[in-house]
Amino acid sequence: MSKLAQDAAAFKSVLQRQDYTSWHSQPPPIEKASDEIAPPGSKKKRPKSNIVYSQPADTGTGTNVNTQLVYAVNHLKSTHNPMRLQDLAILTSTPLDTDHVLLEKFKTHDRVVWDPKTDLYSYKHEFNFRNKAALLTEIQRQTRRGGGIPVRALKESWKEAPAAIEELEAEGEVLVTRTTKDGQLKMVFWNEVKPTEESGGMLVEQEFLDLWHELKVPNDVDLLKQLSSEGLQATTAAAGPAPKGPATKKKGKKGTATRTRQVRITNTHLKGDIDLSKDYVPIKP
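These figures come from a predicted structure and were not determined experimentally.

So what exactly am I meant to see when it comes to the packing of helix α6 (residues 132–144) against helix α8 (residues 161–170) here?
Two quantities define a packed helix pair, namely the angle between the helix axes and the distance between the axes. α8 packs onto α6 with a crossing angle of 75 degrees between their chain directions and a minimal axis gap of 10 Å. The angle between α6 and α8 falls in the class roughly perpendicular. Of the residues in α8, those touching α6 at Lys132, Leu135 and Leu136 are Ala161, Ala164, Ile165, Glu167 and Leu168. Here the contact of α6 with α8 is built from residues that sort into 6 nonpolar, no polar and 2 charged.

Just checking my understanding: could you explain the pattern of salt bridges for this structure?
In a structure, side chains of opposite charge can pair up when their charged atoms sit close to one another. Under the criterion given, the structure shown has 6 salt bridges. Put simply, Glu167 and Lys132 hold a salt bridge, and the shortest N to O gap is 3.3 Å. With a gap of 35 residues between them, Glu167 in helix α8 and Lys132 in helix α6 connect regions that are remote in the sequence. One connected set of salt bridges, linked through shared partners, spans Lys132, Glu167 and Glu171.

What should I look at first to understand a negative patch on the surface in this one?
A surface patch of negative charge is lined by Glu205, Glu207, Asp210 and Glu214. Looking at the element boundaries, Glu205 is found in the loop between β5 (185–190) and α9 (206–214).

Would you mind going over the sheet that holds strand β3 (residues 149–150) with me for this structure?
Sheet strands associate in pairs through backbone hydrogen bonding, adopting either a parallel or an antiparallel arrangement. Strand order in the open sheet formed by 3 strands is β3-β5-β4, with antiparallel pairing between adjacent strands. Lying at the two open borders of the sheet, with one neighbouring strand each, are β3 and β4 (174–178). Two elements, β4 and β5, share 5 bridges in a ladder whose sense is antiparallel. Of the residues in β5, the one forming a bridge with Arg178 is Leu185. Across the sheet, α8 lies against β4 and β5, angled at about 120 degrees from β4, the strand it touches most.

Before we go on, may I ask you to explain the pairing of β5 in this structure?
Along any regular strand the residues' side chains alternate between the sheet's two faces. In this structure, β3 lies alongside β5, joined through 2 bridges in antiparallel fashion. Note on β5: the bridge partner recorded for Pro150 is Met187. Hairpin remark: β4 followed by β5, antiparallel, with 6 residues in the connecting loop; positive phi at Gly183, about 70 degrees.

What counts and how
- Residues numbered from 1 in each chain as written.
- Predicted model: local features only at pLDDT ≥ 70, side-chain atom pairs only at ≥ 80, totals over all residues.
- Heavy atoms only, no water.
- Axes fitted to C-alpha atoms, helices over the stretch in contact; angles between N-to-C directions.
- Helix = DSSP H or I, 4+ residues; strand = E, 2+ residues; numbered from the N terminus.
- Parallel < 35°, antiparallel > 145°, perpendicular 65-115°, else oblique.
- Contact = heavy atoms within 4.5 Å.
- Nonpolar A, V, L, I, M, F, W, Y, C, P; charged D, E, K, R; others polar.
- Salt bridge = Lys/Arg side-chain N within 4 Å of Asp/Glu carboxyl O.
- Patch = residues over 30% accessible without salt bridge, like charges linked within 9 Å, V, L, I, M, F, W, Y side chains within 5 Å.
- Areas by Shrake-Rupley, 256 points an atom, 1.4 Å probe, with all protein chains shown as cover.
- Lys, Arg positive; Asp, Glu negative; His and termini not counted.
- Charge placed at Lys NZ, Arg CZ, Asp CG, Glu CD.
- Pairing = 2+ DSSP bridges.

Shape is all these values report; function is a separate question.
What follows is the structure, given as structure tokens:
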């Protein structure tokens, strides 16, 4: 047999073994019941479920007016652009456009701003800025008042605030505190001392930082020994005057004579009949 005939025979045998039936034409495999697999006398296993029964189920916005108000305000807070009332009602599944009580509470909310010209609603954030320059101005204003600003509050006002703060930190314009666990931005302050050679404010080199942290403060006993070995002496707080106790009268000694105190007479209609500056002494019969 020639080579061509062998190849043709091999190809025909492959075609005969190939199953051309479609996957949806085959009957589904018969699943064995769990009681048939489990041995007799064993407990039937419950199917696993991802439902957490200890937590209440999320039933949506609910029917309470105050609950629906919270849903609407929170959604408006997450959206940094003004919205129409109809769009807000659809996205939050709340009857804002039909329930007059809910609409009145929504309009009078201290964080909701309504523009009567455009009939749009927006959220009133704690800070109002949309660029890095305005952010730096707000940080400077707050630092002059004696405090920093939480980065979370700045992020709620402008979602690009954390990235802008990191850029300002690299430029030496602000000082940032971070969490010890994951190093997230926590508080931001304005850096009044710019990092220049003339005014100072440059970062300390890592070599000096390592040397500083390697220093260990001895305990009280070893500290006194080291001071005495260097010819030094530990300072002590200056003893102040002893507090005086309450003055007590000694028995058997007469005190000084009591001074007569002038009495202001207000009952002028009794003047001339009764001497009100003296104690009343009843007349004995």
